[in-house]
Structures are given as C-alpha cells and as structure tokens.
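Analysis of the macromolecular model
Letter by letter, the chains look like this.
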Amino acid sequence: MGQEVRHLRERSGWSQSQLARAAGMTQSAVAWFEAGGTIPTLPVLERLAGALDMRLDVRFTPNTDAPESRPPRTGAC
C-alpha cells in the first residue's frame, strides 16, 4: 500500500510534505507509511485517498489459493 501511495503522490507531482498537509498528517508519517514502516488505520487510508483524489475500496475476495477440501467455517463472529 505504501508503494501505491508513493506512486500516486509522485504522479500528482507532490512532495511528501504536500501530501501530508492535504491529508492532515506529518511528513514523517507519510514517509514512514510509504516505506512500509506502519500499518495504517482505515481513517488514515481514507484521508490519504481523499487527499490524492482517490476512493478507498476495502473488499473481501475469495482466496483462490485455499484448498478445496477445507470445510466452510461456521459459528458467530
């Protein structure tokens, strides 16, 4: 995710400081995230997406690597 944010930021011609200001973060927080040094919360991802004029999509997708023989999970969360 950090690499994608960096790519989008660079494509926009922004510095880390500019993105940080637009997202309400510090430059060091953006740098740390881009380097893979942190796992961001959903609100942080939403702020970054908004600052980059992007939409954040969070999805569950089927695991195509899962063995077919695994029984379905049951029970409450």
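Just so it is clear, the structure is predicted and the values come from calculations on it, not from any experiment.

Right, let's talk about the overall build of the protein chain for a bit. Looking only at helices and strands, one finds four helices and zero strands in the protein chain. In the protein chain, the succession of helices and strands from N to C terminus is α-α-α-α. Per-residue burial over the protein chain gives 25% buried out of 77 residues. Considering only residue pairs separated by 6 or more positions, the protein chain has 43% of its internal contacts joining residues 24 or more positions apart.

What follows is about the pattern of salt bridges. Under the counting rule described, the total for this entry stands at four salt bridges. Here Glu-10 ties to Arg-6 by a salt bridge, and the two come within 2.9 Å at their closest N and O atoms. Of this pair, Glu-10 and Arg-6 both sit in helix 1 (residues 2-11), separated by four residues, roughly a single helical turn. When its relative accessible area of 44% is taken as the criterion, Glu-10 is described as partly exposed. Judged by relative accessible area, which is 44%, Arg-6 ranks as partly exposed. A salt bridge links Arg-9 to Glu-10, with the shortest nitrogen-to-oxygen separation between them at 4.0 Å. Arg-9 sits in the buried class, given a relative accessible area of 7%. Linked through salt bridges whose partners overlap, the residues forming this network are Arg-6, Arg-9, Glu-10 and Glu-34.

Attention now goes to the layout of surface pockets. A probe as big as a water molecule, rolled over the atoms, marks out the empty space that is left. Volume-wise, the largest pocket comes out at about 190 Å³. Surrounding the largest pocket, Met-1, Glu-4, Val-5, Leu-8, Leu-45, Leu-48, Ala-49, Leu-52, Met-54, Arg-55 and Leu-56 form its lining. Broken down by secondary-structure element, the contributors of at least two residues to the lining of the largest pocket are helix 1 and helix 4 (42-51). For the lining of the largest pocket, a count of residues per class yields nine nonpolar, no polar and two charged.

Let us now look at the nonpolar core. Membership of the largest hydrophobic core comes to 13 residues, with the highest contact counts inside it found for Leu-19, Met-25 and Leu-48. The set of elements that each furnish at least two residues to this core consists of helix 1, helix 2 (16-23), helix 3 (27-34) and helix 4. With four residues, the top contributor of residues to this core is helix 4. Setting aside chain neighbours within four positions, we find Leu-48 in contact with Leu-19, Ala-23, Met-25 and Phe-33.

Each value, and the rule that gives it
Residues numbered from 1 in each chain as written. Predicted model: local features only at pLDDT ≥ 70, side-chain atom pairs only at ≥ 80, totals over all residues. Heavy atoms only, no water. Helix = DSSP H or I, 4+ residues; strand = E, 2+ residues; numbered from the N terminus. Buried < 20%, exposed > 50% of the residue type's maximum accessible area, 1.4 Å probe, protein only. Contact = heavy atoms within 4.5 Å. Salt bridge = Lys/Arg side-chain N within 4 Å of Asp/Glu carboxyl O. 1 Å grid on protein atoms, 1.4 Å probe; cavity = no way out; pocket = protein on both sides within 12 Å on 5 of 7 lines; lining within 4 Å. Points joined across faces, edges and corners; volume = space filled by probe spheres on them. Nonpolar A, V, L, I, M, F, W, Y, C, P; charged D, E, K, R; others polar. Core = buried A, V, L, I, M, F, W, Y, C linked by side-chain atoms within 4.5 Å.

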